[in-house]
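Overview (structure and organization)
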Amino acid sequence: QVQLVESGGGLVQAGGSLRLSCAASGRTFSSYAMGWFRQAPGKEREFVAAISWSGGSTYYADSVKGRFTISRDNAKNTVYLQMNSLKPEDTAVYYCAEGAGSLMDEYDYWGQGTQVTVSS
């Protein structure tokens, strides 16, 4: 059974940075693409970023392009989301998931989420 555990969330001031981590277990991590989504209070879950199994291809939502970077370390079974120049509108619960694309239906396994709060 695939397990995904996010960490690294917290409270940060606008303009600050955070790095989220997602540790995977249960099957061959390096064989699967991964993604990050987020859900703000009262809003639908939305796509943030995705990365191919090798790490050679990445894809971002327009709202985070140029500020966030997704990466992975297959030796550590971990995917990361480096978030810079954070804005209050980035406040949300961030989820990692196994799959590919920008739609939730394209992802099979999800973590429990980690809260990111950006104060103005």
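Since this is a predicted model, take the numbers as computed values, not measurements.

**Concerning the overall build of the protein chain**
Per the secondary structure count, the protein chain includes zero helices and eleven strands. What you see in the protein chain, going N to C, is helices and strands ordered as β-β-β-β-β-β-β-β-β-β-β. A compact globule built from 120 residues should have a C-alpha radius of gyration of about 14 Å, and the protein chain, at 13 Å, falls within 12% of that. Taking the principal axes of the C-alpha coordinates as reference, the protein chain spans close to 40 × 25 × 25 Å. Out of the 120 residues in the protein chain, the part that is buried amounts to 44%. Sequence separation of at least 24 residues holds for 55% of the intrachain contacts in the protein chain that already meet a minimum separation of 6. Carbon and sulfur atoms provide 46% of the accessible area of the protein chain, an area that totals close to 6,200 Å².

**Section: the pattern of salt bridges**
Within the structure shown, the criterion is met by five salt bridges. With a shortest N-O distance of 3.1 Å, aspartate 62 and lysine 65 are connected by a salt bridge. A single network of salt bridges, built from pairs that share partners, joins Arg38, Glu46, Arg67 and Asp90.

**Focus: the nonpolar core**
By size, the foremost hydrophobic cluster in this structure holds 33 residues, and its most contacted members are Trp36, Leu81, Met83 and Tyr94. For this core, the secondary structure elements donating two or more residues are strand S3 (18–25), strand S4 (34–39), strand S5 (46–51), strand S7 (68–73), strand S8 (78–83), strand S9 (92–99) and strand S11 (114–119). Ranked by the residues each element gives to this core, the list is headed by S5, at five residues. Excluding residues within four positions of it along the chain, tyrosine 94 makes contact with Glu6, Leu20, Trp36, Phe37, Arg38, Val48, Phe68, Leu81, Met83, Gly113, Thr114 and Val116.

So, how was this worked out
Residues numbered from 1 in each chain as written. Predicted model: local features only at pLDDT ≥ 70, side-chain atom pairs only at ≥ 80, totals over all residues. Heavy atoms only, no water. Helix = DSSP H or I, 4+ residues; strand = E, 2+ residues; numbered from the N terminus. Rg over C-alpha atoms; globule rule 2.2 N^0.38 Å. Buried < 20%, exposed > 50% of the residue type's maximum accessible area, 1.4 Å probe, protein only. Contact = heavy atoms within 4.5 Å. Areas by Shrake-Rupley, 256 points an atom, 1.4 Å probe, with all protein chains shown as cover. Salt bridge = Lys/Arg side-chain N within 4 Å of Asp/Glu carboxyl O. Core = buried A, V, L, I, M, F, W, Y, C linked by side-chain atoms within 4.5 Å.

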